[in-house]
Amino acid sequence: MHTAIELTELTKSYGSRRGLDGLSLQVRAGEVFGYLGPNGAGKSTTIRLLLDLIRPTSGSARVLGLDPRADAARLHRRTGYLAGDFVVDGRRRAGECLAFLARLRGGVPAHRITGLAARLDVDLDARIKSLSKGNRQKVGLIQAFMHEPELLILDEPTSGLDPLVQQTFLDMVGEARDNGQTVFMSSHILSEVEAVTDRVAIIREGALVALDTVDALRARSSLRVRVTFAAPVPAGEFAALPGVQHVSADGDTLTCTVDGSPDALVKAAAQYTVTGLHADTQDLEELFQAYYTGPRAA
Amino acid sequence: MTTNGGAMFTKTLYDNRRIFTVWALATGLLALMYAAFYPQVSADAMASVPESMSGFGLDDTSTAAGYLQGPVFGLLVPLLATFYGAATGARTISADEESGYLDLLLAHPIGRARLLLQRFAALAAGALLIGGAVLAAMLAVRDGADLGSVGAGGFAAQTLNLTLLALLFGALATGLGAATGLTRATVFGVTAGLGVAVFALNGFAPQIGAGGLRYLTPFHYYIGGEPLKNGVQVADAAVLAAASAVLIAAGTWRFVRRDLGR
Ligand SMILES: Nc1ncnc2c1ncn2[C@@H]1O[C@H](COP(=O)(O)OP(=O)(O)O)[C@@H](O)[C@H]1O
Ligand SMILES: [Mg+2]
């Protein structure tokens, strides 16, 4: 099996509110897939559809080749899930909660639980409600990872974790991949997941706006150029050039962005006297923001 | 293949071990205290009960069964059973759906119907415990309080109906929460409120010339056949049990189809 998750025109409306709007994508078996988008984009909606906690308005999802609804129990046995706001029974001790969740799975070797707890530095004797948000999130990570599921579905797993634990978490994800497990994780911050993801999807307002490797997205990022001339130049002339956007002229300084080759821009500029030239690539976080806020791509 | 068997049932029972014990002990003790008053009450002859309240069965104190059908089995214990059902049933689905814990549980390999049924089974065990405690209390106080005219079979029949009554309101609260996703407080309020309302209807119906309405209330099936005197009323018990089954079936039917709320 080469496809871990396949979404086809997946749509979810909450009454008149849009949750997800005809989303199609495929997650390959064995990859770490980043699912990115701003708050309200539809990340949690997608994830809850995958787990059959909610049902699609139209379209379909296949997860590990199974139907989330018809094969729910079989599928849940093979997946680990961490909710966006992980909640367990607060009155119980962490170890008690995990032991019960393990029983629901038909048993998990105890050393898996204690091993993960030691690694994440979780006190299994502490009552859940006495734990900080970050420590509670760690309990959530333990229950998602403890049975070494084929597929990990993690909704904003890094939220609330301090940087050190974030690194441990990323190591765990890397090990899961080495182990042949598939990881589907959402985030609204690219830099938090960039290091471990093979591919990322960016969604916005319930629709897919980009899907590629982080490297390819970086290659796609445009060049920011600032040219100073000996005298003011007509901005319109530059705006018409291929790949050139966001042109603005301020006195004798012209700034713009360039997608692809800067050849046309350089040749056009060469018709005037150039006194200064500055160019750098947009950093990834900015590119990412552009996907969030720019015009919706087809 | 590994299975989780009755993990949800045993966990629910374990988590509720104290609260169920408190419900059973409190109900049993209150029943015991009120039953123990019988010798005094029968001497005083309670003529003070207003005519309009006669439907509650508080006026007949001439026999032990008559007295017990009044304050004990006619008022106190069934209302406690109703509240037990409403409070516990509101925790079957609603409480965990409200907190978000249900998302986690149902992402595990336990089907929705199975989760609901195992938790309801734990509720039923708690209801049995209440019935058992009340029965034990009655048998303990029987001779000391001049209640010897009611046989052990009569007590057993009435406490069976008590358990079925608790189960019925538990099924109503469970089914309501499962079907709608309403909050725990709402589910409890609606169920307990409805319980008190139909209790009053059962009591007042004869006075307002609508005696037939009694057949619509569970309290009629719970005590109308006077199990203390007549022993097990199979048809009445069956009505209570069947109503629970219908409520659970309807709640489950809807629960497996709807979206879980957050
Ligand atoms: N249960 C719900 N009822 C109504 N609207 C909802 C519900 N859940 C999510 N939404 C709406 O759907 C959209 C997507 O939400 P969500 O999937 O939670 O986004 P994300 O996880 O990306 O932040 C939001 O506009 C949100 O308000
Ligand atoms: Mg979310």
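On a predicted model such as this, the values are computed, not experimentally measured, just so you know.

Draft legend 1. Highlighting the packing of aromatic side chains. Summed over all chains, the structure comprises 12 aromatic pairs over all chains. The rings of Phe-33, Tyr-35 and Phe-184 of chain A are connected pair by pair, giving a single aromatic cluster.

Draft legend 2. Up close: the site of ligand 1. All names here are of chain A. If you check the shell around ligand 1, you find Tyr-14, Arg-17, Arg-18, Gly-19, Pro-38, Asn-39, Gly-40, Ala-41, Gly-42, Lys-43, Ser-44 and Thr-45 and nothing else. In this structure, Gly-40 approaches ligand 1 through a main-chain N or O atom, which is 2.7 Å from an oxygen atom. Ala-41 is positioned with one of its backbone polar atoms (N or O) 3.2 Å from an oxygen atom of ligand 1. Taken by itself ligand 1 offers 560 Å² of open surface, and the protein chains cover 70% of this. Elements supplying a minimum of two residues to the shell around ligand 1: β2 (17-28) and α1 (43-50).

Draft legend 3. Spotlight on the interface of chain B and chain A. On the side of chain A, 26 residues touch chain B, which itself brings 28 residues to the contact. Summed over both sides, the interface between chain B and chain A buries roughly 2,600 Å², with carbon and sulfur atoms accounting for 53% of that surface. Across the chain B-chain A interface, the total number found is three salt bridges. Note that Asp-103 of chain B and Arg-48 of chain A form a salt bridge whose closest N and O atoms lie 2.8 Å from each other. At the surface where chain B touches chain A, the tally comes to 12 residue pairs in polar contact (both at pLDDT 80 or more). For the side of chain B that touches chain A, the elements supplying multiple residues, two or more each, are α1 (7-15) and α6 (101-106) of chain B.

Draft legend 4. Spatial organisation of the UniProt feature "domain: ABC transporter" (unreviewed entry) in chain A. Following the UniProt record, one finds the feature "domain: ABC transporter" (unreviewed entry) at residues 5-230 of chain A. Taken as a whole, residues 5-230 of chain A contains 34% helix and 30% strand, while its terminal C-alpha atoms sit 57 Å from one another.

Draft legend 5. Geometry of the environment of Arg-184 of chain B. All names here are of chain B. Relative to the helices and strands, Arg-184 resides in helix α9 (residues 184-204). Here the alpha-carbon distance between Arg-184 and Glu-98, two residues 86 residues apart in the chain, equals 7.3 Å. Setting aside residues no more than four positions away along its own chain, Arg-184 makes contact with Ala-90, Arg-91, Ser-94, Ala-95 and Glu-98.

Draft legend 6. Representation of the sheet that holds β2 of chain A within the structure. Residue and element names in this part refer to chain A. Spatially, three strands are ordered β2-β1-β4 in an open sheet, and the strand pairing comes out antiparallel. Single-partner strands in this sheet number two, and they are β2 and β4 (58-63). The average undirected angle you get between the axes of adjacent strands in this sheet is 20°. Note: strand β1 (residues 3-14) against β4, five bridges, orientation antiparallel. Residue Thr-8 lies in a different strand from β4, and its bridge partner there is Ser-60. Across the sheet, α1 is in contact with β1, β2 and β4; its angle to β1 comes to roughly 115°.

Draft legend 7. Representation of helix α5 (residues 133-145) of chain A within the structure. Residues and elements named next belong to chain A. Given a rise of 1.5 Å per residue, 13 residues ought to cover 18 Å, and the 19 Å separating the end C-alpha atoms of α5 matches this to within 8%. With 10 of 13 residues buried, α5 is to be regarded as a mostly interior element. Among all positions in α5, only Gly-134, Gln-137, Lys-138, Val-139, Gly-140, Leu-141, Ile-142, Gln-143, Ala-144 and Phe-145 are buried.

Draft legend 8. Broad picture of the pairing of strand β8 (residues 199-204) of chain A. All names here are of chain A. The buried count for β8 comes to six of six residues, which makes it a mostly enclosed element. Bridge count between strand β3 (residues 32-36) and β8: four bridges; the pairing is parallel. Following the sheet pairing, Leu-36 is matched in β8 by Ile-202. Pairing between β8 and strand β9 (residues 207-213): six bridges, direction antiparallel. Across the sheet, the residue bridging to Ile-202 is Ala-210, located in β9.

Definitions and limits used
Residues numbered from 1 in each chain as written. Chains lettered and ligands numbered in written order. Predicted model: local features only at pLDDT ≥ 70, side-chain atom pairs only at ≥ 80, totals over all residues. Heavy atoms only, no water. Phe/Tyr/Trp six-rings, centres within 6.5 Å; stacked < 30°, edge-to-face > 60°. Near = heavy atom within 4 Å. Polar contact = N/O pair within 3.5 Å; in protein donor to acceptor, adjacent residues only side chain to side chain. Areas by Shrake-Rupley, 256 points an atom, 1.4 Å probe, with all protein chains shown as cover. Helix = DSSP H or I, 4+ residues; strand = E, 2+ residues; numbered from the N terminus. Contact = heavy atoms within 4.5 Å. Buried area = accessible area lost by both parts, 1.4 Å probe. Salt bridge = Lys/Arg side-chain N within 4 Å of Asp/Glu carboxyl O. UniProt positions renumbered as here; feature names shortened; annotations may be inferred. Pairing = 2+ DSSP bridges. Axes fitted to C-alpha atoms, helices over the stretch in contact; angles between N-to-C directions. Expected span 1.5 Å × (residues − 1). Buried < 20%, exposed > 50% of the residue type's maximum accessible area, 1.4 Å probe, protein only.

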